[in-house]
Structures are given as C-alpha cells and as structure tokens.
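# Structural description and commentary
Each chain, letter by letter, is given below.
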Amino acid sequence: MQKKPLRVLLINPCIYDFAAYSFWSSPLGLLSLGGILRQNGMEVSLIDCMRVVEAKRKADGRAPFVKEKVANPPTLKQVRKRLKRYGISRDTLIEELSKIEKPNLILITSIMTYWYPGVEEALGAARDVFPSSKIIVGGIYPSLCSEHAENTLQEADLIVKNSQIERLYGFVEKTFNKLVTYKPSLYDLDNIPYPCYDLYDNIPFIPLLTSFGCMYRCTYCATPYMHPSIVRRRPESVIDEIKHWQGMGVSRYVLYDDNFLYRSDLYARPLLKQIANLPFPIDIYNPNALNGALIDDELTLLLRGAGFREVRIGLESANPSVQTSTGGKVSLKRFEKSVTALLGGGFKKGEIVAYILAGLPNQRWEEVKHSIDYVLSLGIQPYIAEYTPIPHTRLFEEYEHCARFPISENPVYQNNALFPFAWKGFTEKDLEYLKLYARSKKEPPKQ
C-alpha cells in the first residue's frame, strides 16, 4: 500500500509595527522551500497572514496591508506611537488552521528581526491547533538573532538559519523516515524549482531573484553576513521563469537582488536584452535600489527596453565623507553621470527615485536635508530610507551602546520606526520635518 504524501503547511506570519505597507513584499524564501518540498512529492499548502486591501491595490502592484490597532506591549510602553497588527488576527489564523487537514510539517518564515512577535504568535497558534505536528521556523530573524530566537521560539521543533537548508532536509528524513531525494541548495539559483506562487488565488507580481550576495561591504547592510559569496543566475534561467509566469497571466515583476548591476556586462546587460526580445511586454520594479554609480547610456536604454517602469537608485548621502565611511560604493560624480544617463534615456523625473539614509549614528538632520536638496537639484525624487540597526553589521557593532534603546538585548528595539539613534542633533521632530519636506517637493502624478 502506497504511503500518503507528507502534508506541509507554509505560514507567513502577521507583523506588529508602527507603520507598514506592502512595498512589493512577498515571502520568496518560504515559497521557494515549498517548491522544493513539492518536487519531493509532498503536498504543500499556504496560509499567508499578510493580507492586503485589494480594493486599494495600485497599478504597480503595491497595496496597503489589512491592519488594526493593538496595545503596546510592556517593552514599548514608553513609546508614544501606537502599535498596529498588520495582517490577520491570531483568532482568524486559528480559525483558518482549524479548517485544514492536520499537516505533518509546518514551516514558518520570518523577515525583519523586530517582527519576531508575529512569528512567536503564529508558532503558538499552530502549536495550539496541531500539537503533534512538527514545526520549523526559519528566515532572517533566526539568522541574525539566533540566540534570541532559540530562547523565544522554544515551541518549535527546529530553528534554521538561512544557510542551513541541509538541517531541514536531515530533520525531515529522520523525523518522517522519508528519503528526500531532491536536495538543492537555495544558492543553486538555476536549478531550484519556481516558488509556489500558484498557491495564491491571484498573483499581482512575481519577485525575481537573479543573484545572492554583494561585492560591497556597506557598514549598515547585513548582506555580506547573510550571503558571503556572490552567486549569479544564468539569464536563460530567468527568461524561462518569466515565460512560466507569463503563461499564468503575470505581467509584473519585482527585482529582489542586492547588487543587480555587479559586472553588468556579464549578467544584467545580457539578461535585459533577452527580456526586451520577449514576444510580450512586462513591467519591472526594483525596491532594492540599483547602484547609483553604475548606470550609463546603454544600460539606461536596456532598462527601459526590458520594462523598468521606474528606477530606484542608491545615494545614501550627498556628503562625501559619509559615502566613504559607509562603504564607498558611490561618489557624487558617478551618481550625477548615472542620473544624466537616466534622464537622457527617457526616464522622467518622477520615475527616478534616489534613496537617502536618515537616522545613522551621530548623523545631523542638516546633512539629510542637504542630500534631499542635492537630489532635487538633479531633477529626480528623494526617498528617505530610515536607518535600521542590523546585527552583524559594522555600524551595529560599533554603535549599539549609543542607541537610546537596548537594541542588542531585544530585536523589537531595532525597528527604524523607533528612531534608535535619535539625539539632540537629529530629533524625531527633525525626521518628521524632513519627511514632509521631501514629500512637498514630490512631482504630482501625471493625469
């Protein structure tokens, strides 16, 4: 008699935050694991707690999460801002769990370190409904805060870091006495199955990941810690995936790479040329900024031809000393050349967005305003990216003692909405002024 296939449930938990928006966010890693397990003959289902208000979804695919206000926990009692739950409630999650057949295995993902309360809540709900199911928690939170995760998520049967997929395979084989025959590394980008987005009722966009890793070592970024090596995907592999999703009616794609333009002559340019030659048009967005120093005239034409509807580029600061001290990946001269190429290649002012970091340790608000004015002087749009202190980065390790919250003790204090490095030279009022200032200069949308 043939054994029944293992039933696997994927859970993308809700989040608790002061502000959140579906900025093309999606649990790509979780769904990629689902694709691998499904290829091993397992039945895979999904509960994505991060529902959005579909009626308010924008033409580019972004949408507001469903939300409700909640009481601040004791750790945040001193914070004047009001916490919200984004996504479905614990009661709704339990109700949905109760309607499905008991899974043998439950996988719960995590993203921002300070969103761990939602992970803890999903774990507790899953354990309450399915006390004998095996539960594995993974993602960014346990990868960056492993000791805290081990102490907090004790109801999990296994906690894995992003680089420990072999532990997951071994756990499944040992626990269920099942041979896992297909065991790719998540870094084998050309050969892992497509993420199982078909589990959604509709697919507003598909994240594209063409690489892991980054050649730069920016002091605020954990990519070198999470992905020490640079791994690239063949352009033909990306094209095959686009064709696959186009056959399911998808036309929007979101680039998730941290360093898409690295060695663009070998990777980005050939890929963009092949996308432009597809027999159907697509729209591409890049919430992870392209390097603001690596765009030229030819690359601009390739970006437009491939379907980029806007281009988000990284500046971080117009202050040369800050540029150098945080990683040295851009200079004003090279940034201006990139902007000139983009404007000359047909991108409109409102379609070019420059990211500016605000809230760095010891940063003064005047420096951020200067950067905003500099970006505006080039005829493009500034976007304030509030600094998030991330464990295992140089800035975190050097300045954690300067934060106004114990950011190394509890990840909830790593939330950039708390402005952990506010000081008399850059207060919360200063930050609000800068946000309003940047928004007031934004070009009105074309009618």
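Here is what the cut-offs are and how they apply
Residues numbered from 1 in each chain as written. Predicted model: local features only at pLDDT ≥ 70, side-chain atom pairs only at ≥ 80, totals over all residues. Heavy atoms only, no water. Helix = DSSP H or I, 4+ residues; strand = E, 2+ residues; numbered from the N terminus. Rg over C-alpha atoms; globule rule 2.2 N^0.38 Å. Buried < 20%, exposed > 50% of the residue type's maximum accessible area, 1.4 Å probe, protein only. Contact = heavy atoms within 4.5 Å. Areas by Shrake-Rupley, 256 points an atom, 1.4 Å probe, with all protein chains shown as cover. Lys, Arg positive; Asp, Glu negative; His and termini not counted. Charge placed at Lys NZ, Arg CZ, Asp CG, Glu CD. Pairing = 2+ DSSP bridges. Axes fitted to C-alpha atoms, helices over the stretch in contact; angles between N-to-C directions. Salt bridge = Lys/Arg side-chain N within 4 Å of Asp/Glu carboxyl O. Phe/Tyr/Trp six-rings, centres within 6.5 Å; stacked < 30°, edge-to-face > 60°. Lys NZ or Arg CZ within 6 Å of the ring centre and 35° of its normal. Core = buried A, V, L, I, M, F, W, Y, C linked by side-chain atoms within 4.5 Å. Polar contact = N/O pair within 3.5 Å; in protein donor to acceptor, adjacent residues only side chain to side chain. Patch = residues over 30% accessible without salt bridge, like charges linked within 9 Å, V, L, I, M, F, W, Y side chains within 5 Å. Arc of directions from axis to C-beta. Right-handed = clockwise from strand over helix to strand, strands pointing away.

Here we come to the overall build of the protein chain. Across its full length, the protein chain holds 15 helices and 17 strands. Relative to the compact-globule value of 22 Å for 447 residues, the protein chain shows a C-alpha radius of gyration of 22 Å, a close match. Along the longest, intermediate and shortest principal axes, the C-alpha atoms of the protein chain span 70 × 55 × 40 Å. For the protein chain, the residues scored as buried account for 55% of the 447 residues in total. The contacts of the protein chain with a sequence gap of at least 6 include a subset with a gap of at least 24, amounting to 74%. Entry remark: accessible area of the protein chain is about 20,300 Å², with carbon and sulfur atoms responsible for 51%. Within the protein chain, one finds 56 positive and 49 negative side-chain charges whose respective centroids are separated by 3 Å.

What follows deals with the sheet that holds strand β2 (residues 15-17). Strand order in the open sheet formed by 3 strands is β2-β5-β4, and the pairing between neighbours is antiparallel. Two strands bound the open sheet, and with one partner strand each, they are β2 and β4 (67-69). Ignoring which end each strand starts from, the neighbouring axes of this sheet average 25° apart. Taken together, the 3 bridges between β4 and strand β5 (residues 84-86) define a ladder with antiparallel strand orientation. Counterpart to lysine 69 in the pairing with β5 is lysine 84.

With that out of the way, let us pick up the pattern of salt bridges. As enumerated under the stated definition, the model contains 24 salt bridges in all. We note a salt bridge from glutamate 173 to lysine 183, for which the minimum N-O separation is 3.1 Å. Residue glutamate 173 is located in helix α6 (residues 165-176), and its partner lysine 183 is located in the loop between α6 and β9 (206-208); the two are separated by 10 residues in the primary sequence. The class for glutamate 173 is partly exposed, based on a relative accessible area of 21%.

Let us look at the sheet that holds strand β12 (residues 252-255). Across the sheet, 3 strands lie side by side as β9-β12-β13; this open sheet has parallel pairing. A strand with exactly one partner marks an edge of an open sheet, and here the two such strands are β9 and β13 (283-285). For this sheet, the mean angle separating the axes of adjacent strands, direction not counted, is 30°. Examined bridge by bridge, β9 and β12 share 3 bridges and lie parallel to one another.

Two aromatic rings are characterised by how far apart their centres lie and by the angle between their planes. One pass over the structure, following the stated rule, counts 17 aromatic pairs. When the centroid spacing of 5.2 Å and the interplanar angle of 85° are considered together, the rings of phenylalanine 419 and phenylalanine 426 count as edge-to-face. Given the relative accessible area of 5%, phenylalanine 419 is considered buried. Judged by relative accessible area, which is 0%, phenylalanine 426 ranks as buried. Ring-pair connections join several aromatic residues into one group, and the members of that group are Phe23, Trp24, Tyr285, Tyr355 and Tyr383. Directly above the aromatic system of tyrosine 267 lies the positively charged group of arginine 232, at a separation of 4.4 Å from the ring centroid.

One finds Leu107, Leu290 and Ile313 to be the most contacted residues of the largest nonpolar core, which totals 89 residues. With 6 residues, the top contributor of residues to this core is helix α1 (residues 28-39). Leave out the neighbours within four places in its chain, and leucine 107 touches Val8, Leu9, Leu10, Ile11, Leu30, Leu33, Leu37, Ile136 and Leu168. Counting residues in hydrophobic clusters, the runner-up holds 60 residues, among them Ala63, Tyr220, Tyr387 and Ala417.

This paragraph deals with the side chain of asparagine 415. Here asparagine 415 is to be found in the loop between α14 (394-399) and α15 (428-440). Given the relative accessible area of 4%, asparagine 415 is considered buried. One polar contact links the side chain of asparagine 415 to the main-chain amide nitrogen of alanine 417, over a distance of 2.8 Å. Ignoring anything within four residues of it in the chain, the contact list for asparagine 415 reads Asp17, Phe18, Tyr114 and Pro420.

The grouping of Lys56, Lys67, Lys69 and Arg82 at the surface amounts to a positive patch. For arginine 82, the location among the structural elements is in the loop between β4 and β5.

Glancing now at helix α10 (residues 297-306). Considered for burial, the residues of α10 that qualify are Leu299, Thr300, Leu302, Leu303 and Ala306. Buried residues of α10, seen end-on, are gathered within an arc of 165° and therefore sit on one face of the element. Turned more than 90 degrees off the buried face of α10, the exposed positions are Asp297 and Leu301. Summarising the contacts, the buried residues of α10 are in contact with α9 (268-276), β13, β14 (290-291), β15 (311-316) and α12 (332-344). The residue sitting at the N-terminus of α10 and contributing the capping side-chain oxygen is aspartate 296; that oxygen lies 3.3 Å from the backbone nitrogen of glutamate 298. Positive backbone phi, at 115°, marks glycine 307, one or two positions downstream of α10.

Before going further, it helps to examine the pairing of strand β17 (residues 381-386). Side-chain positions along a regular strand alternate between the two faces of the sheet. Pairing geometry for strand β16 (residues 352-358) and β17, over 6 bridges, is parallel. Across the sheet, residue tyrosine 355 finds its bridge partner in β17, namely tyrosine 383. Chirality of the crossover, the property in question, places the unit of β16, helix α13 (residues 365-377) and β17 among those that are right-handed.

With that out of the way, let us pick up the pairing of β15. Counting buried positions along β15 gives 6 out of 6 residues, so the element sits mostly inside the fold. Here β15 shows no split at all, with Val311, Ile313 and Leu315 on one side and Arg312, Gly314 and Glu316 on the other all buried. Bridging between β14 and β15 involves 2 bridges; their strand directions are parallel. Bridge pairing links leucine 290 to isoleucine 313 in β15.

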